[in-house]
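Here's the letter readout for the chains.
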Amino acid sequence: MSLTVLSDEQIRGLLENLSSNEVDKFIDTLRNALHEYSTGTQSIDDGVIHQPERTSVHSNTTGATTLFMPSFSASGHAIKVVTVSSPLSTTLPAIRPTGSVTLYSPEGPPIGFLHAQTLTAFRTALASSCLLLKRARVHTITVFGAGLQAYWHIRLALMLRGHTIREVYIINRRFSDSARDTFKKIYGIPQEAKQREGWEQAKFSLLTPGYGEFDRLQKDHMRASDVIYCCTPSTDALFDASILTSHEGRRKGRLIVAVGSYTPKMRELPRELLVQATKSHSSGLHYHKHATEGGVVIVDTLDGAMKEAGEIIEAGLAPKQLVELGELIMVQRLAKEEEESLASQSSTDDSSVSESLDRLDLSSVTTAMSTVFGSDSGKSPSGSKRSSSHSPARSPARSPTSPGRKGSSSSFFPPFHRRRSSKNASAAEDRPQTQQQEPYSRDKHLSRWLTVGTVVYKSVGLGLMDLVVGFEIVRLAKEKGLGSHIDGFSS
């Protein structure tokens, strides 16, 4: 078995020149993995995916922290080792994040050795892009930070939504070397790529605190933005909460993504923003118009966010106020499957379709999702609560009908997945009026929240992302003849 070795330059060149179909393939692959992670089991014996907690060691000599992130899936397993500087150190020289990802086949032989720098930034931005693709409007983007994470969030946004993007505001502490490099890379993208992706007329600007009207411009930029990316290892909130939590700030829906902080002592988002985002709202009338809010914060990993996300910890959020990205992917996927099934089975008897849906075990969905659909309580209708920081979807307790799924259920989901419309109108009319309307209302609220509402996503990173994206990079590199390939390495 051969070993593929890829340098950071080779990975960067590969990812910079992805076609539209290749980007879609990366996103679909990551979506599938996150879906399985959030809805499957974390048992090594029973599960397809296993994501152990990461470990770290700290060096007093260099002031750096080295992280070890293992992961396991049906396609193989991986270990990522990366070293980063401590944001708390002011006397020791900064160390640019660096490391490697080693990929192994399911049987154990190593098959890939990849530089981790660009890979890490790309896979983080790729996960954020799963939410970006759902947004109805992406004209203006504000980015805090000017490093690799910031660059790849911008770059993927341009690849995926470039035809609508008009302004990109970058806010950084100073006009640093990384800021200079980021602008150099953006302006260095070939004109043909800009035209193909549709953003040749987009404008880019940098704002630093040294500018006299910084506070006013920062507020103006953020309020004008459809998407806000926070990509800095900050220990303090990057902006005043009132910019987004005031009556004026809440009038417009935004996607707010925070990926730069990854320890309990670090934070990018103000506490008040998370508290506002997780408030339960009754289904009554609002005195003031504001964007749709879901009542939850989206995270990449529930366990990791509860232990490592400084914003989540500072805001005192409970597990029931968080929902994993993979859980939302599941809901959207099943809803889409229903629509496709309705189109292809319009002549099918409604009762037989309902019986098929009843066999779907949707009990793994957490009670946090009921908040997304406008519930005024953290409880499910059955009264069950999310009682620990371990996602019920990955609980070892399993129902008889679906191995790997939690037995206790949140009863609102089966109605959501029943047919809510049909070309066979008479079958729909035979159902009670409340049964027809309630699923539609919940589905509509979820869709409106994700597309035009205020969505907050916090990521601390998953080794699983490195594994999935790493395998796809190796596959694509072999296809394009990139990198070094050592034949017989494991023989």
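Everything quoted here is computed from the prediction, not taken from an experiment.

Before going further, it helps to spend a moment on the overall build of the protein. Within the protein one finds 18 helices and 15 strands. Contacts spanning at least 24 positions in sequence make up 75% of the contacts within the protein whose residues lie at least 6 apart.

Where helix α1 (residues 8-16) meets helix α18 (residues 463-480), the closest approach of the two axes is 11 Å, and the angle between their N-to-C directions is 85°. The orientation of α1 relative to α18 falls into the category roughly perpendicular. For the pair α1 and α18, the contacting residues are Ile11, Leu14 and Leu15 in the first and Ile473, Leu476, Ala477 and Lys480 in the second. Across the contact of α1 with α18, the residue classes tally to 6 nonpolar, no polar and 1 charged.

Now for the packing of helix α4 (residues 148-161) against helix α5 (residues 177-187). Where α4 contacts α5, the two axes come as close as 10 Å, and the packing angle between them is 25°. Comparing their axes, α5 and α4 come out roughly parallel. You can see that α4 and α5 cross each other, and the crossing is right-handed. Contacts between α4 and α5 involve Leu148, Tyr151 and Ile154 from the first element and Thr182, Lys185 and Ile186 from the second. Considering only residue class, the contact of α4 with α5 consists of 4 nonpolar, 1 polar and 1 charged.

The next thing to look at is the packing of aromatic side chains. A full pass over the atoms with the stated rule returns 7 aromatic pairs. Note on Phe26 and Phe122: the rings are 5.3 Å apart at their centroids and 80° apart in plane angle, and the pair reads as edge-to-face. You can see Phe26 sitting in helix α2 (residues 20-39) and its partner Phe122 sitting in helix α3 (residues 117-132), a full 96 residues away along the chain. The residues Phe26 and Phe122 share a single accessibility class, namely buried. A centroid spacing of 5.5 Å and a plane angle of 90° characterise the contact between Phe122 and Trp152, whose relative ring orientation is edge-to-face.

As a further point, take the pattern of salt bridges. Here the structure, examined in full by the defined rule, presents 20 salt bridges. Across the pair Arg31 and Asp28 runs a salt bridge, and its minimum N-O distance is 3.7 Å. Placement of the pair is Arg31 and Asp28 together in helix α2, with a separation of 3 residues, close to one helical turn. Asp28 gets classed as partly exposed once you look at its relative accessible area, which sits at 40%. With a shortest N-O distance of 3.0 Å, Arg250 and Glu293 are connected by a salt bridge. With a gap of 43 residues between them, Arg250 in the loop between α8 (242-245) and β11 (255-258) and Glu293 in the loop between α9 (271-277) and β12 (297-299) connect regions that are remote in the sequence.

To continue, consider the pairing of strand β7 (residues 140-144). The element β7 is extensively covered by neighbouring structure, given that 5 of its 5 residues are classed as buried. Taking every second residue as pointing to the same face, both faces of β7 are buried, with Thr140, Thr142 and Phe144 on one and Ile141 and Val143 on the other. Both β7 and strand β8 (residues 167-171) contribute to a ladder of 5 bridges, which runs parallel. If you follow Val143 over to β8, its bridge partner there is Ile170. Handedness of the β7-α4-β8 crossover: right-handed. Of the strand pairs in this sheet, β7 and strand β10 (residues 227-230) are connected by 4 bridges, and their pairing is parallel.

Attention shifts here to the nonpolar core. Ranked by size, the top nonpolar core spans 81 residues in total, and within it Ile298 and Ile473 carry the most contacts. Ile473 has contacts with Leu6, Ile11, Leu14, Leu15, Phe26, Leu114 and Leu119, leaving out every residue within four places of it along the chain.

Across a sheet, paired strands are connected by hydrogen bonds in the backbone, their directions being either parallel or antiparallel. In spatial order, the strands read β9-β8-β7-β10-β11-β14-β12-β13; together these 8 strands make up an open sheet with parallel pairing. Because the sheet does not close on itself, it has two edges, and the strands there are β9 (203-207) and β13 (322-324). For this sheet the average axis-to-axis angle between neighbouring strands, irrespective of direction, equals 20°. Note that β8 and β9 share 5 bridges and pair parallel.

Its place among the elements puts Gln276 in helix α9. Engagement of the side chain of Gln276 in a polar contact is seen with the side chain of Glu293, the distance being 3.5 Å.

In this section: the confidence of the model for the protein. When pLDDT is averaged along the protein, the result is 80; 73% of the residues meet or exceed 70. Across residues 283-287 the pLDDT falls below 50, and counting only partners more than four positions away or on other chains, this stretch makes 1 contact in the model.

With that settled, consider the sheet that holds strand β3 (residues 64-73). Overall, mixed pairing links the 7 strands, which are arranged β2-β3-β4-β5-β6-β1-β15 in an open sheet. The open sheet has two edge strands with one neighbour each: β2 (55-58) and β15 (484-486). Put simply, the sheet's adjacent strands are angled 15° from each other on average, direction ignored.

With that settled, consider the pairing of β11. Residue alternation in β11 divides its side chains into two sets, Leu255 and Val257 and Ile256 and Ala258, and both sets are buried. Inspection of the sheet shows β10 paired to β11 by 4 bridges, in the parallel sense. For Tyr229, the partnering residue across the bridge sits in β11 and is Val257. Two strands pair when backbone bridges link them, and β11 and strand β14 (residues 455-458) are joined in this way by 4 bridges, in the parallel orientation. What sits directly across from Ala258, in β14, is Lys458.

In this section: the environment of Ile256. Note that Ile256 resides in strand β11. Linking Ile256 and Asp226, residues 30 residues apart in sequence, is a C-alpha distance of 8.6 Å. When near neighbours in sequence (up to four residues on either side) are disregarded, Ile256 contacts Ile228, Leu244, Leu269, Leu273, Thr454, Val455, Val456 and Tyr457.

Here the focus is the environment of Leu217. Summarising the element assignment, Leu217 is placed in helix α7 (residues 214-224). Taking the C-alpha atoms as reference points, Leu217 and Leu207, 10 residues apart in sequence, are found 8.1 Å from one another. Not counting residues within four places of it along the chain, the set of residues in contact with Leu217 comprises Leu207 and Tyr211.

So, how was this worked out
- Residues numbered from 1 in each chain as written.
- Predicted model: local features only at pLDDT ≥ 70, side-chain atom pairs only at ≥ 80, totals over all residues.
- Heavy atoms only, no water.
- Helix = DSSP H or I, 4+ residues; strand = E, 2+ residues; numbered from the N terminus.
- Contact = heavy atoms within 4.5 Å.
- Axes fitted to C-alpha atoms, helices over the stretch in contact; angles between N-to-C directions.
- Parallel < 35°, antiparallel > 145°, perpendicular 65-115°, else oblique.
- Nonpolar A, V, L, I, M, F, W, Y, C, P; charged D, E, K, R; others polar.
- Left-handed = near helix turned anticlockwise from the far one by under 90°.
- Phe/Tyr/Trp six-rings, centres within 6.5 Å; stacked < 30°, edge-to-face > 60°.
- Buried < 20%, exposed > 50% of the residue type's maximum accessible area, 1.4 Å probe, protein only.
- Salt bridge = Lys/Arg side-chain N within 4 Å of Asp/Glu carboxyl O.
- Pairing = 2+ DSSP bridges.
- Right-handed = clockwise from strand over helix to strand, strands pointing away.
- Core = buried A, V, L, I, M, F, W, Y, C linked by side-chain atoms within 4.5 Å.
- Polar contact = N/O pair within 3.5 Å; in protein donor to acceptor, adjacent residues only side chain to side chain.
- pLDDT = per-residue confidence, 0-100.

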